[in-house]
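Results of the structural survey
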Amino acid sequence: MKDFKTAIAEIISEKVAELSLDEIKEMLEVPQDSKMGDFAFPCFKLAKVMRKAPPQIAVDIAEAVSESGLFDKVEPVNAYVNIFLPKNEIAEETLRAIMEEGDAFGTTDKGAGKTVIVEYSSPNIAKPFHIGHIRSTVIGNSIYKIYKALGYDMIRINHLGDYGTQFGKMISAYRRWGNKEDVEKEPIKTLLGYYTKFHEEAESDPSLEEEARQIFAKLEKGEPEEVELWQWFRDESLKEFNRVYKMLGIEFDSYNGESFYSDKMPRFEKELEEKGLLVESRGAQVVELEEYGLGTALIKKSDGSSLYITRDIAAAVYRKETYDFYKNIYVVASQQMLHFQQLFKILELMGHEDVAAGCTHVPFGLVSLEDGTMSTRQGRVVFLEDVLTSAVEKTREIIAEKNPDAENIDEIAAQVGIGAVIFNELSNNRIKDYTFKWETVLNFDGETGPYVQYTHARCASLLRRAGEDVISRAKDLGGIDYSHIASDNAHELIKLIYAYPSYVELAGEKYEPSVVTRHIIDIAQAFNKFYHDEHIITDNEDEKIAKIALVIATKTVIRNGLALLGIEAPERM
Ligand code: ARG
């Protein structure tokens with residue numbers, strides 16, 4: 001599509017040699033009130049370099065922009081130049097692009113030939129997959145989809161927490177009190193029970209800890225009995241995780257987690273030693289990062305067992321060597337900020353600057369529940385699977401009440417209920433902490449998933465009413481009279497649709513799916529205003545065709561936006 005912003009900036013830059021094209025683009029504003037134009041250029045900053053009063057500069061620039069003949073109207077107002085885009089042209093550009101590109105509207109091939117890894121979800125084996133895990137899972141999935149839309153070759157990794165001394169404890173506990181059928185019936189809850197019991201007993205009997213250490217040592221050495229049990233715990237846990245991934249529509253290309261790196265560690269311990277980075281501290285091996293303000297990183301425990309960060313060093317280098325990534329994105333809670341700063345710094349100090357350079361930690365804030373029920377320690381855990389199941393049930397009730405004859409109610413309830421939870425998750429800046437509230441999540445009128453999906457279904461229903469003939473004439477665009485979609489409402493909507501691809505790019509740059517979420521909320525709101533104020537299925541054929549073209553465009557862009565969030569777009573609700 002034609003890039004009006006760049007076109008404006010190019011004209012201005014001929015007048016203002018003191019600023020670069022990019023600087024001018026940065027300065028161009030989109031006025032809150034569209035009566036002030038579609039773009040506004042403030043001239044205050046130029047007064048000094050151009051030695052003229054800002055209003056005079058505005059007059060001069062307005063003249064140049066106006067002379068280009070590219071815009072509907074150009075007005076100097078005080079220190080601003082207000083620019084009105086050519087309504088017909090922007091409508092035509094937008095509708096043409098969307099009709100041609102369809103599902104691909106908003107995608108580019110900018111990233112072609114570059115591999116981007118997104119690591120997300122990464123829960124710990126034999127531990128609850130609780131509501132807190134939704135964040136990494138859903139944010140990571142959306143970042144994956146956004147980068148894929150930008151044309152990158154994508155690899156999705158689930159860096160499972162499937163290794164560490166806790167598995168020695170788990171095996172010990174299972175041998176003491178465990179039972180196969182119970183684990184198979186409900187793996188995570190059962191294993192967690194053993195684990196908790198182990199800790200209780202170990203308080204009065206410290207020999208348990210020693211036993212667990214020995215078992216873990218055997219596991220590290222690859223003793224078959226221990227490995228078999230561990231493998232079984234892992235498989236059973238994954239079965240549970242996969243149920244949730246399936247509900248959320250989430251997949252991975254690799255489940256190489258911490259255990260995958262267990263035999264790859266010696267190389268890195270040796271590299272660390274050779275670079276003189278390892279220091280002994282109370283029997284353990286550490287890297288001192290105090291001079292970078294990053295504390296001390298524990299590399300190897302006094303009993304010789306490797307640690308979380310050491311496995312991450314191995315993983316980062318392995319990924320570079322295996323995938324030659326352009327970016328390696330870690331979607332992990334902000335509590336682990338220091339961990340990743342240490343990791344990237346150590347990689348650099350080891351001489352793996354090329355690895356470190358492509359690594360990015362994408363942090364996010366905490367989720368809590370209204371009644372404060374989130375505390376893994378005290379066993380007050382809210383399982384993600386339960387939240388998703390109740391979202392679907394609650395949605396089913398709402399739909400049954402609103403629309404008693406709805407067909408496929410189960411399918412719709414799943415799409416809307418799960419979609420609502422995901423949408424809610426991706427509505428705010430990821431770094432913000434938030435509280436999970438059912439009234440917000442499932443509100444059909446708020447800035448929510450159901451509201452946006454409902455808008456999509458409304459578009460679908462208008463298209464059914466318009467009929468195939470009108471749709472195909474609208475898609476064809478040949479005879480469209482754009483004056484029928486030149487009202488303020490229609491123009492606002494068209495501008496938002498036109499801007500959608502730039503928001504996808506921005507979301508990628510910022511690793512921020514909420515940029516897409518907010519934008520499709522804006523589109524849904526603008527569409528509903530248009531829908532309420534104007535008659536779409538009118539008797540005037542030409543008008544109906546033009547308006548239906550805009551409905552098709554709206555439906556397509558909402559659908560594409562929802563897809564980037566990992567949410568379905570039902571045709572009926
Ligand atoms: N399993 C970890 C946890 O649940 C998250 C793993 C994050 N990824 C990583 N490469 N360290 O806290």
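Note that the structure is a prediction, hence the values are computed from the model and not measured. Position numbers for residues count from 1 along each chain, tracking the sequence in the order it is written. Selection of residues for local features in this predicted model requires a pLDDT of at least 70, selection of side-chain atom pairs for listing and counting requires 80 or more, and totals for whole chains, interfaces and linings are taken over all residues. Side-chain descriptors were evaluated using all non-hydrogen atoms of the structure, hydrogens and water having been removed beforehand.

A cluster of acidic residues, Glu200, Glu201, Glu203 and Asp205, forms a negative patch on the protein surface. The way it works is that DSSP assigns letters per residue, a run of H or I at least four long becomes a helix, a run of E at least two long becomes a strand, and they are numbered from the N terminus. Relative to the helices and strands, Asp205 resides in the loop between α9 (187–204) and α10 (207–221). With a 1.4 Å probe rolled over the protein chains alone, any residue whose accessible area is under 20% of its type maximum counts as buried; one over 50% counts as exposed, and the rest are partly exposed. In this structure Asp205 comes out as partly exposed when scored by relative accessible area, which is 32%. Within this analysis, patches are made of residues with over 30% relative accessible area and no salt bridge. Like charges are joined at 9 Å or less; nonpolar side chains (Val, Leu, Ile, Met, Phe, Trp, Tyr) at 5 Å or less. A 1.4 Å probe and the Shrake-Rupley method give the accessible areas. Residues count as covered only by the protein chains that appear here. A pair is scored as a salt bridge if a Lys or Arg side-chain nitrogen falls within 4 Å of a carboxyl oxygen belonging to Asp or Glu. A positive count includes Lys and Arg, and a negative count includes Asp and Glu. His and the chain ends are not counted in either. Where a charge sits is defined by one atom per residue type, namely NZ (Lys), CZ (Arg), CG (Asp) or CD (Glu).

What follows concerns the pairing of strand β2 (residues 73–77). When DSSP locates at least two bridges between a pair of strands, those strands are taken to pair. In this structure, β2 lies alongside strand β3 (residues 80–84), joined through 5 bridges in antiparallel fashion. Directly across from Val74, in β3, lies its bridge partner Ile83. Between β2 and β3, which pair antiparallel and follow one another directly, the connecting turn spans 2 residues, one of which, Asn78, has a positive phi of 50 degrees.

How two helices pack is summed up by the angle between their axes together with the distance between the axes. Put simply, helix α5 (residues 87–101) and helix α21 (residues 488–510) touch, their axes get as near as 10 Å, and they point 50 degrees apart. In terms of axis orientation, α5 runs oblique to α21. Viewed along their axes, α5 and α21 form a crossing whose handedness is left-handed. In contact with Lys87, Ile90, Ala91, Thr94 and Ile98 of α5, α21 contributes Asp488, His491, Ile494, Lys495, Ile497 and Tyr498. Three classes are used: nonpolar for Ala, Val, Leu, Ile, Met, Phe, Trp, Tyr, Cys and Pro, charged for Asp, Glu, Lys and Arg, and polar for all others, with Gly counted as polar. Looking at side-chain class alone, the contact of α5 with α21 contains 6 nonpolar, 2 polar and 3 charged residues. The axes used here are C-alpha line fits, helices contributing only the stretch in contact, and every angle between their N-to-C directions lies in the interval 0 to 180 degrees. Angle categories: roughly parallel below 35 degrees, roughly antiparallel above 145, roughly perpendicular from 65 to 115, and oblique for all the rest. A clockwise turn of the near helix away from the far one marks a right-handed crossing, whereas an anticlockwise turn of less than a right angle marks a left-handed crossing. In what follows, residue pairs with any heavy atoms lying within 4.5 Å of each other are defined as contacts.

Now for unusual backbone geometry. Even without glycine at this site, Asp324 takes up a positive phi of about 45 degrees. Mapped onto the elements of the fold, Asp324 is located in the loop between α13 (308–323) and β9 (327–331). Judged by relative accessible area, Asp324 falls into the exposed class, the value being 53%. Its identity as a non-glycine residue notwithstanding, Asn408 has a phi of 45 degrees, on the positive side. Positionally, Asn408 belongs in the loop between α16 (384–402) and α17 (409–425).

Next up on the list: the site of the ligand. The criterion for a residue being near a molecule or strand is simple. One of its heavy atoms has to lie within 4 Å of it. Taken together, the neighbourhood of the ligand is formed by Glu119, Ser122, Asn124, His159, Tyr308, Asp312, Tyr330, Val332, Gln336, His339 and Phe340. Under this definition, polar contacts are N or O atom pairs within 3.5 Å; protein pairs additionally need one hydrogen-donor-capable and one acceptor-capable atom, and for neighbouring residues in sequence, both atoms have to be side-chain atoms. With respect to the ligand, the backbone of Ser122 contributes an N or O atom lying 2.9 Å from a nitrogen atom. With respect to the ligand, the side chain of Asn124 contributes an N or O atom lying 2.7 Å from a nitrogen atom. Protein contact buries 86% of the 350 Å² of open area that the ligand shows by itself. Looking at the shell around the ligand, the elements with two or more residues in it are α13 and α14 (337–349).

A separate point is the environment of Ile494. With respect to the helices and strands, Ile494 occurs in helix α21. For the pair Ile494 and Lys2, spaced 492 residues apart in sequence, the C-alpha separation works out to 14 Å. Residues contacting Ile494, with those up to four places away along its chain left out, are Ile90, Ala91, Thr94, Ile485 and Leu550.

Now for the pattern of salt bridges. This structure, assessed with the given rule, holds 37 salt bridges. A salt bridge links Arg473 to Asp469; its shortest N-O distance comes to 3.9 Å. Of this pair, Arg473 and Asp469 are both found in helix α20 (residues 468–476), 4 residues apart, which corresponds to roughly one turn of the helix. Among the ionic pairs, Lys555 bridges to Glu571, the shortest N-O distance being 3.0 Å. Residue Lys555 is found in helix α23 (residues 541–565), and its partner Glu571 is found in the segment after α23; the two are separated by 16 residues along the sequence. Note on Lys555: relative accessible area 13%, which makes it buried.

Now for the packing of aromatic side chains. Aromatic pairing here means that ring centres of Phe, Tyr or Trp (its six-membered ring) are within 6.5 Å. Orientation follows from the plane angle: under 30 degrees is stacked, over 60 is edge-to-face, and everything else is tilted. As enumerated under the stated definition, the model contains 25 aromatic pairs in all. Measuring from ring centre to ring centre gives 5.6 Å for Phe44 and Tyr80, while their planes differ by 85 degrees; the resulting arrangement is edge-to-face. With Phe44 in the loop between β1 (39–42) and α3 (46–50) and Tyr80 in strand β3, this pair connects stretches of sequence that are 36 residues apart. Accessibility expressed as a relative area gives 48% for Phe44, which makes it partly exposed. Classification of Tyr80 by relative accessible area gives partly exposed; the value is 27%. Summarising the aromatic geometry, the rings of Tyr174 and Tyr194 are spaced 6.1 Å apart at their centres and angled 55 degrees between planes, so their arrangement reads as tilted. In this pair, Tyr174 sits in helix α7 (residues 166–177) while Tyr194 sits in helix α9, placing the two residues 20 residues apart along the sequence. Like Tyr194, Tyr174 is buried. Put simply, the rings of Tyr120, Phe129, Phe241, Tyr245, Phe252 and Tyr255 touch in pairs and so form one group of aromatic residues.

All right, on to the packing of α21 against α23 then. Contact geometry for α21 and α23: axes closest at 11 Å, N-to-C directions at 30 degrees. In terms of orientation, α21 and α23 fall into the roughly parallel class. Classified by chirality, the crossing of α23 by α21 is left-handed. Here Ala490, Leu493, Ile494, Ile497, Tyr500 and Val504 of α21 come into contact with α23, specifically with Leu550, Ala553, Thr554, Val557, Asn560, Gly561 and Leu564. Here the contact of α21 with α23 is built from residues that sort into 10 nonpolar, 3 polar and no charged.

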